[in-house]
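Tertiary structure, described
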Amino acid sequence: MYKPIDTVIGEAKKPLYRGNFSDHEMPGVVEGSSHNFLADVFRKEAGADIGTIRGFRYGTHVATGDIRLEDIYHFIPVAPFIAKGTITGSQLHDQIERSLNGSLNPDPFKWTGGWVQAYSGVRYELDPYAPAFGKASNIEIFDQKKRIWQPLDMDKQYTVAGYWYPGRPDDIGTGLKINDNAQTVNGPDGNPLDATEVVARYLSKNQADPELGRVKLLHKLPEPAFGNREIQPLNGVPERVGTIQN
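Conventions adopted
Residues numbered from 1 in each chain as written. Predicted model: local features only at pLDDT ≥ 70, side-chain atom pairs only at ≥ 80, totals over all residues. Heavy atoms only, no water. Salt bridge = Lys/Arg side-chain N within 4 Å of Asp/Glu carboxyl O. Helix = DSSP H or I, 4+ residues; strand = E, 2+ residues; numbered from the N terminus. Buried < 20%, exposed > 50% of the residue type's maximum accessible area, 1.4 Å probe, protein only. Pairing = 2+ DSSP bridges. Lys, Arg positive; Asp, Glu negative; His and termini not counted. Contact = heavy atoms within 4.5 Å. Core = buried A, V, L, I, M, F, W, Y, C linked by side-chain atoms within 4.5 Å. Axes fitted to C-alpha atoms, helices over the stretch in contact; angles between N-to-C directions. Polar contact = N/O pair within 3.5 Å; in protein donor to acceptor, adjacent residues only side chain to side chain. Expected span 1.5 Å × (residues − 1). Phe/Tyr/Trp six-rings, centres within 6.5 Å; stacked < 30°, edge-to-face > 60°.

So, on to the pattern of salt bridges. Counting across every chain of the model gives 8 salt bridges. With its nearest N and O atoms 2.6 Å apart, the salt bridge here joins Arg 123 to Glu 140. You can see Arg 123 sitting in strand β6 (residues 122-126) and its partner Glu 140 sitting in strand β7 (residues 136-143), a full 17 residues away along the chain. Residue Glu 140 is classed as partly exposed on the basis of its relative accessible area of 22%. Lys 177 is the salt-bridge partner of Asp 171, the closest N and O atoms lying 3.5 Å from each other. A relative accessible area of 5% places Asp 171 in the buried class. Assessed through its relative accessible area of 43%, Lys 177 is described here as partly exposed. Overlapping salt bridges, with partners in common, bring together Glu 45, Arg 201 and Lys 205 in one network.

Structural data, given as structure tokens:
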């Protein structure tokens with residue numbers, strides 16, 4: 001059933017956005033409440049261990065209070081479905097490191113587009129100055145049954161939920177090749193739901209109240225290159241030479 005774009009579909013207990021400057025304790029290039037919220041929705045609605053969404057550079061700022069349908073379309077202007085599939089811990093580790101390298105590479109011309117991938121049910125420490133594919137440490141997965149955080153097991157099978165397209169049936173999120181058939185989040189008629197519909201359904205039952213600080217930044221990002229505040233370091237993030245000062 002179609003709804004007017006300004007229909008109120010839920011409530012935000014925290015502001016939803018991803019635009020902090022690089023000198024903030026939660027830089028937008030690394031983490032944002034909007035992406036944390038969407039990753040939570042995908043994980044919970046799909047019944048997965050992990051939720052994921054690419055760190056896109058566009059979106060809107062939603063203040064505490066009403067969330068309108070148009071706000072979700074600003075975050076998700078494309079039309080993916082949401083599905084879950086099975087991956088190994090090693091695959092997740094590789095995606096985290098690829099995302100970090102693509103957003104914090106020393107050479108801006110090697111950035112892969114977007115910001116750091118966002119996750120639900122995952123937390124880790126980030127050293128932005130560490131060599132490529134060694135920036136993340138102490139990666140942990142939240143065990144939904146035991147309600148405790150557990151170290152990432154490279155050989156373990158985890159379920160992950162995120163964007164899914166029929167044209168790429170074995171891909172969840174961004175580049176996660178699943179090891180089984182994707183299970184879409186469906187509506188009452190049994191057909192897959194558009195991602196915005198998935199979010200609206202979640203908000204009909206829950207408030208938007210994402211946990212923050214899922215990525216622990218071990219060192220501050222570089223100072224601005226040209227004297228103006230930055231979100232993504234314009235000169236890239238150099239790999240460590242000597243001691244990094246906080």
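In this section: the pairing of strand β9 (residues 157-164). It is a general feature of regular strands that their side chains alternate between the two faces of the sheet. The buried fraction of β9 amounts to 7 of the 8 residues, a majority that puts the element mostly inside the structure. Pairing between strand β4 (residues 81-88) and β9: 8 bridges, direction antiparallel. Bridge assignment links Ala 83 to a residue of β9, and that residue is Gly 162.

With that settled, the discussion passes to the side chain of Arg 43. Within the secondary structure, Arg 43 sits in helix α1 (residues 33-46). The side chain of Arg 43 is buried and forms no salt bridge, while Asp 40, the nearest opposite charge, is found at 4.5 Å. Residues within four places of Arg 43 in sequence aside, it is in contact with Ala 48, Asp 49, Ile 50, Gly 51, Ser 120, Gly 121, Gln 144 and Ala 161.

Right, let's get into the nonpolar core. Phe 37, Leu 38, Phe 42, Ile 67, Ile 76, Val 199 and Leu 203 are the most contacted members of the largest nonpolar core, which totals 31 residues. Mapped by element, the contributors of at least two residues to this core are β1 (8-12), α1, α2 (69-75), β9 and α4 (195-203). Discounting chain neighbours no more than four positions away, the residues touching Phe 42 are Thr 52, Ile 53, Ile 76, Ile 82, Ala 161, Gly 162, Tyr 163 and Val 199. Counting 29 residues, the second largest nonpolar core, distinct from the first, contains Leu 126, Ala 136, Ile 141 and Ile 178.

So, about the sheet that holds strand β12 (residues 183-184). One open sheet holds the 5 strands; their spatial order is β5-β2-β9-β4-β12, and the pairing between them is mixed. Across the chains shown, the open sheet's two edge strands, defined by having one partner strand only, are β5 (115-120) and β12. Looking at chain direction, strand β2 (residues 50-55) and β9 are connected through 2 bridges and run parallel. Directly across from Gly 51, in β9, lies its bridge partner Ala 161. Contacting β2, β4, β5 and β9, helix α3 (residues 89-104) runs over the sheet at an angle of about 145 degrees to β5.

Looking at the element boundaries, Gln 91 is found in helix α3. Polar side-chain contacts of Gln 91 include one of 3.3 Å to the side chain of Asn 179.

Turning to α3, a few remarks are in order. Here α3 contains 16 residues, and its C-alpha end-to-end distance of 22 Å stays within 8% of the 22 Å for a straight helix at 1.5 Å per residue. Counting buried positions along α3 gives 13 out of 16 residues, so the element sits mostly inside the fold.

Along the chain, Pro 188 falls in the loop between β12 and α4. It is 16 Å that separates the C-alpha atoms of Pro 188 and Lys 205, two residues lying 17 residues apart in sequence.

With that out of the way, let us pick up the packing of aromatic side chains. Per the counting criterion, the structure on display carries 5 aromatic pairs. Judged by centre distance (6.0 Å) and plane angle (55 degrees), the ring pair of Phe 42 and Tyr 163 falls under tilted. Of this pair, Phe 42 sits in helix α1 while Tyr 163 sits in strand β9, and the two are 121 residues apart along the sequence. When sorted by exposure, Phe 42 lands in the same class as Tyr 163, which is buried.

One non-glycine residue, Phe 133, lies in the positive phi region at around 65 degrees. Tracing the sequence through the fold places Phe 133 in the loop between β6 and β7. With a phi close to 50 degrees, Asn 138 is a non-glycine residue in the positive phi region. Relative to the assigned elements, Asn 138 resides in strand β7.

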